Amino acid sequence: MKALPYSLYNYMFRSSGSMHGILANAENLFQSKIHLAEERERINSLYKTKHQVDLRRYYAGSLLLSALELGIKLSKQWRNIKLFKQYSNNQIVRKAINSITTQHAPLKFKIPIILLKKKQYNILYAIFFLLNKIGYQTKIH
């Protein structure tokens, strides 16, 4: 996983767009992230059967970043912690999180990744919750 200094694409959010409906509802956002993780795993399984190559390393970073994104977005309300824990404990997501190394990661990513790896969801979620409460804009690109 490597950060790029430029954007490859930009989302355009519209109140009539499908992304607005997903992001406006915590349960919808959670379901969409779980569905994406399951579909990636299904495609990987088919590919692995046919070509004996595991593609998980190509999307593991995306699953980890989705966990962080969910934590940030859901933490506007404490009650959403259950969805964050459920996603982060998902077997597919756990494999991805455990496969990521933090050796060259900047500190702002290293700490949340380590907390995810150690299943310290309450601590990580509390950090996101407090950052939301004080108005700090946390972004995952």
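Here is a short report on the structure shown in this document. (Residues numbered from 1 in each chain as written. Predicted model: local features only at pLDDT ≥ 70, side-chain atom pairs only at ≥ 80, totals over all residues. Heavy atoms only, no water.)

**Remarks on the side chain of Asn80**
Piece 1. Relative to the elements of secondary structure, Asn80 occurs in the loop between helix 3 (56-74) and helix 4 (81-88).
Piece 2. Of the polar contacts made by the side chain of Asn80, one reaches the backbone oxygen of Leu74; its length is 3.1 Å.
Piece 3. Apart from the residues lying within four places of it in its own chain, the contact partners of Asn80 are Ala26, Leu74 and Tyr125. (Helix = DSSP H or I, 4+ residues; strand = E, 2+ residues; numbered from the N terminus. Polar contact = N/O pair within 3.5 Å; in protein donor to acceptor, adjacent residues only side chain to side chain. Contact = heavy atoms within 4.5 Å.)

**What to know about the nonpolar core**
Piece 1. Core analysis: the largest hydrophobic core is formed by 29 residues, its most contacted members being Leu63, Leu74, Phe84, Tyr87, Leu116 and Leu124.
Piece 2. Secondary-structure elements contributing two or more residues to this core are helix 2 (26-51), helix 3, helix 4, helix 5 (91-99), helix 6 (107-117) and helix 7 (121-133).
Piece 3. In terms of residue count, helix 3 provides more of this core than any other element does, nine residues in total. (Core = buried A, V, L, I, M, F, W, Y, C linked by side-chain atoms within 4.5 Å. Buried < 20%, exposed > 50% of the residue type's maximum accessible area, 1.4 Å probe, protein only.)

**Here we look at the packing of aromatic side chains**
Piece 1. The full count for this structure, using the stated rule, is four aromatic pairs.
Piece 2. Judged by centre distance (5.5 Å) and plane angle (35°), the rings of Phe84 and Tyr125 are tilted. Note that Phe84 is positioned in helix 4 and Tyr125 in helix 7, a separation of 41 residues in sequence.
Piece 3. A connected cluster of aromatic rings, assembled from ring pairs, spans Trp78, Phe84, Tyr121, Tyr125 and Phe129. (Phe/Tyr/Trp six-rings, centres within 6.5 Å; stacked < 30°, edge-to-face > 60°.)

**Notes on the pattern of salt bridges**
Piece 1. Across all of its chains, the model carries six salt bridges by this definition.
Piece 2. The closest approach of N and O atoms between Lys48 and Asp54, which form a salt bridge, is 3.9 Å.
Piece 3. Asp54 gets classed as partly exposed once you look at its relative accessible area, which sits at 31%.
Piece 4. Two residues, Arg56 and Asp54, come together in a salt bridge whose shortest N-O distance is 3.4 Å.
Piece 5. Given a relative accessible area of 16%, Arg56 falls into the buried group.
Piece 6. In this structure, a network of salt bridges that share partners links the residues Glu41, Lys48, Asp54 and Arg56. (Salt bridge = Lys/Arg side-chain N within 4 Å of Asp/Glu carboxyl O.)

**Structural notes on unusual backbone geometry**
Piece 1. In this structure, Gln52 takes a positive phi of about 55° despite not being glycine.
Piece 2. Examined against the element boundaries, Gln52 turns out to sit in the loop between helix 2 and helix 3.
Piece 3. The phi dihedral of Lys119 falls on the positive side, at around 55°, and the residue is not glycine.
Piece 4. Note on placement: Lys119 falls in the loop between helix 6 and helix 7.
Piece 5. In this structure Lys119 comes out as partly exposed when scored by relative accessible area, which is 48%.

All quantities given are derived from atomic positions and should not be read as evidence of function.
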